[in-house]
Amino acid sequence: MNIIINGASQQLTSAKNLSDIVSSFCKHSKHVITELNGSIIPPDQWAQTSLKDGDALELVTFVGGG
Amino acid sequence: MTDTPLVIAGKSFTSRFLLGTGKFKNKKDLSDSIESCGSEIVTVALRRIDLERHEENILEYIPPHVTLLTNTSGARNAEEAVRIARLAKASGCGNWVKIEVINDSKYLLPDNQETVKATQILAAEGFVVLPYISPDLYTARALVKAGAATIMPLGSFIGSNQGLKTKELIQVLINEIDLPIVVDAGIGAPSQAAEAMEMGADAVLANTAVATAQNPAALAHAFALAVKAGRIAYLSGLPQKNPMAKASSPLTGFLYDDIPAN
């Protein structure tokens, strides 16, 4: 399965839910915000959200800024 | 001298100095600076997580009592600013947002029209909106109508340390707009922050100057003191400048009756 994470294509070996993706791609899940195909998915829905081929996922968090 | 707190969207703050968190060399400098200046509002930004480099999260270095103000940097229009603000809110870290819409990479000037549009949408959704603008009376009036919580006019170009190049235009906003005026951008030295406060600005935000100083925590402290000094000076009824000299000591009744005229 191929999904786009933060603009880059990622090959996943098996179907995964959003919770699995966050834990495998992010060091901490705290303060991670997810947007799947343009819709924000709150953390309490990550486990029930499965991904499919061609999905576009954004993983964002806070950084320094003025 | 007693002062009233800074009130933004019904929330009271003792400190009138806001600190930006960009460009710090390390996270310790940042946390030391927040502590030394006593800022109660700090700005942060949102970015895609770098999947290759696992960086530490900046929020770990910001004390929990501090109000987070997420900026919409990276937004080139109202739609993108609204998207970033909604993402920030989804984090559960509050609904305070600094609207920053920039589509000019040379001067990094904010797009006032798009900022008004984003403010209308986000204020209607219940966000506390602090729009960053080029100082302009009509834009500021439109932002008041749109439901902004403050107006944040720029002093000079972002990161330029040039101070209050827009002083006269900021003074118009201070005189005419019934919202807190937070002077943002270009404030490169404590003296410039004091100058803004002496004019009657309600607060000042600095980032680059502090973050790039050799000793950021010390400069952050100096900024906080300058903001306080400027505020007290404003409240004291600072006298106006005079075009001519006016003696501080009595000039008559001692050796001469009067200073001889030339």
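Residues numbered from 1 in each chain as written. Chains lettered and ligands numbered in written order. Predicted model: local features only at pLDDT ≥ 70, side-chain atom pairs only at ≥ 80, totals over all residues.

1. Points about the environment of B:Gln120
Now for step 1: Structurally, B:Gln120 can be placed in helix α3 (residues 112-124).
Now for step 2: On a C-alpha basis, the gap between B:Gln120 and B:Val144 in space is 9.7 Å, while along the polypeptide they are 24 residues apart. (Helix = DSSP H or I, 4+ residues; strand = E, 2+ residues; numbered from the N terminus.)

2. Digging into the nonpolar core
Residue and element names in this part refer to chain B.
Now for step 1: If you look at the biggest cluster of nonpolar residues, it comprises 88 residues, and the most contacted ones within it are Val129, Ala193, Val204 and Phe223.
Now for step 2: Looking at this core, the element that brings in the most residues is helix α8 (residues 216-235), giving 7 residues.
Now for step 3: When near neighbours in sequence (up to four residues on either side) are disregarded, Ala193 contacts Ile187, Val204, Ala206, Phe223, Ala226, Val227 and Gly230. (Core = buried A, V, L, I, M, F, W, Y, C linked by C-beta atoms within 7 Å. Buried ≥ 20, exposed ≤ 12 C-beta atoms within 10 Å, placed from the backbone. Contact = placed C-beta atoms within 7 Å.)

3. Quick notes on the interface of chain B and chain A
Now for step 1: Each partner contributes to the interface: chain B provides 25 residues, whereas chain A provides 22 residues.
Now for step 2: Those elements that place two or more of their residues in the side of chain B that touches chain A are β4 (41-48) and α2 (78-90) of chain B.
Now for step 3: A per-element tally of the side of chain B that touches chain A places β4(B) first, with 6 residues.
Now for step 4: Along the lines of polarity and charge, the residues of the side of chain B that touches chain A split into 10 nonpolar, 11 polar and 4 charged.
Now for step 5: Taken together, the 5 bridges between strand β5 (residues 56-64) of chain A and β4(B) define a ladder with antiparallel strand orientation. Each bridged residue has a counterpart across the sheet, and for A:Val60 the counterpart in β4(B) is B:Arg48. (Nonpolar A, V, L, I, M, F, W, Y, C, P; charged D, E, K, R; others polar. Pairing = 2+ DSSP bridges.)

4. Considering α8(B)
Along an α-helix, residues three or four positions apart point the same way, because every turn accommodates 3.6 residues.
Residue and element names in this part refer to chain B.
Now for step 1: When the terminal C-alpha atoms of α8 are compared, their 29 Å separation across 20 residues agrees well with the 28 Å that a helix rising 1.5 Å per residue should span.
Now for step 2: What α8 keeps buried is the set Pro216, Leu219, Ala220, His221, Ala222, Phe223, Ala224, Ala226, Val227, Gly230 and Arg231.
Now for step 3: Directly after α8, the chain includes Gly237, whose backbone phi takes a positive value near 80°. (Expected span 1.5 Å × (residues − 1).)

Bear in mind that shape data such as this cannot, by itself, settle questions of function.
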